Structure formats: C-alpha cells, structure tokens
Amino acid sequence: MKVSVDRALCYGSAECAHRVPAVFAFEDGYGVVRPGREESADDPRLVEAAEKCPSQAIVLTE
Ligand code: SF4
C-alpha cells in the first residue's frame, strides 16, 4: 500500500510527524510523506496515524 497526504485537507496539526516521524515530516505548515517512504503503508502505525489525523488528510491506497 501507499501513503500520501492530501494537502487540500491537511490543516497542519503536525500529529502525523510526531506519531510516525520515520515516515511523516512537517514542512511549510503541512504534514508530508518523507521522500522514499511512500510505500510504507504496511506499517500498522500508519493506519493509526490516518485514523487519528484530525482532518482525515492521510490517504492509504492499494
Ligand atoms: S495529522 Fe493530518 S492534519 Fe495533522 S499535519 Fe498530519 S496530515 Fe496534516
């Protein structure tokens, strides 16, 4: 699975970057997926990060 952040939805709480810093970073006021970590979605912490993102901006896709 792949992970991405929908910047149109993200409002910059930075929770993803605190929760899974190996995958997410906080840049220019938005959560972003670190380069090269887009295929990290097998990690169960990402499911939790997506569920807890307050704006539902973290997208997990097949
Ligand atoms: S947790 Fe969600 S709203 Fe907060 S920075 Fe990450 S993607 Fe954006």
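Above this text sits the structure in question.
As the structure is a prediction and not an experimental result, all values here were calculated from the model.

> Can you walk me through the overall build of the protein in this structure?
A tally of regular secondary structure across the protein gives two helices and four strands. Secondary structure elements of the protein occur, N-terminal to C-terminal, as β-α-β-β-α-β. Relative to the 2.2 N^0.38 estimate, which gives 11 Å for 62 residues, the radius of gyration of the protein is 10 Å and therefore close to what a compact globule would have. Along the first, second and third principal axes, the C-alpha atoms of the protein reach 25 × 20 × 20 Å. For the protein, the residues scored as buried account for 35% of the 62 residues in total. By sequence separation, contacts in the protein at least 24 residues apart represent 58% of the contacts at least 6 residues apart. A total of about 3800 Å² of accessible surface is found on the protein, and carbon and sulfur atoms cover 50% of it. Placing the 7 positive and 11 negative side-chain charges of the protein at their respective mean positions leaves the two points 4 Å apart.

> For this particular structure, what's the right way to read the nonpolar core?
Taken as a class, soluble globular proteins show a tendency for nonpolar side chains to be buried jointly. The biggest cluster of nonpolar side chains holds 14 residues, and the ones touching the most others in it are V3, V20, V23, F24, L46 and I58. Mapped onto this core, the elements with two or more residues apiece are helix 1 (15-19) and helix 2 (44-52). Element by element, the count of residues in this core is highest for helix 2, at three residues. Once residues within four sequence positions are removed from consideration, I58 is found in contact with V3, S4, V5, C16, F24, A49, A50 and C53.

> Where do I start with the pattern of salt bridges in this structure?
Proximity of charged atoms lets side chains of opposite charge pair with each other. In the structure shown here, the tally under the stated rule is four salt bridges. Two residues, E39 and K2, come together in a salt bridge whose shortest N-O distance is 3.9 Å. Here K2 lies in strand 1 (residues 2-5) and E39 lies in the loop between strand 3 (30-33) and helix 2, a separation of 37 residues in the sequence. Relative accessible area serves as the criterion here: at 42%, K2 is assigned to the partly exposed category. Where R19 meets E15, a salt bridge forms, and the shortest distance between an N and an O atom there is 3.9 Å. On the criterion of helical spacing, the pair formed by R19 and E15 is a turn pair, its members being four residues apart in helix 1.

> Where do I start with the site of the ligand in this structure?
Taken together, 14 residues surround the ligand, and among them C10, S13, A14, C16 and C53 come closest. When grouped by side-chain class, the residues that make up the shell around the ligand number nine nonpolar, four polar and one charged.

Rules used in this analysis
Residues numbered from 1 in each chain as written. Predicted model: local features only at pLDDT ≥ 70, side-chain atom pairs only at ≥ 80, totals over all residues. Heavy atoms only, no water. Helix = DSSP H or I, 4+ residues; strand = E, 2+ residues; numbered from the N terminus. Rg over C-alpha atoms; globule rule 2.2 N^0.38 Å. Buried < 20%, exposed > 50% of the residue type's maximum accessible area, 1.4 Å probe, protein only. Contact = heavy atoms within 4.5 Å. Areas by Shrake-Rupley, 256 points an atom, 1.4 Å probe, with all protein chains shown as cover. Lys, Arg positive; Asp, Glu negative; His and termini not counted. Charge placed at Lys NZ, Arg CZ, Asp CG, Glu CD. Core = buried A, V, L, I, M, F, W, Y, C linked by side-chain atoms within 4.5 Å. Salt bridge = Lys/Arg side-chain N within 4 Å of Asp/Glu carboxyl O. Near = heavy atom within 4 Å. Nonpolar A, V, L, I, M, F, W, Y, C, P; charged D, E, K, R; others polar.

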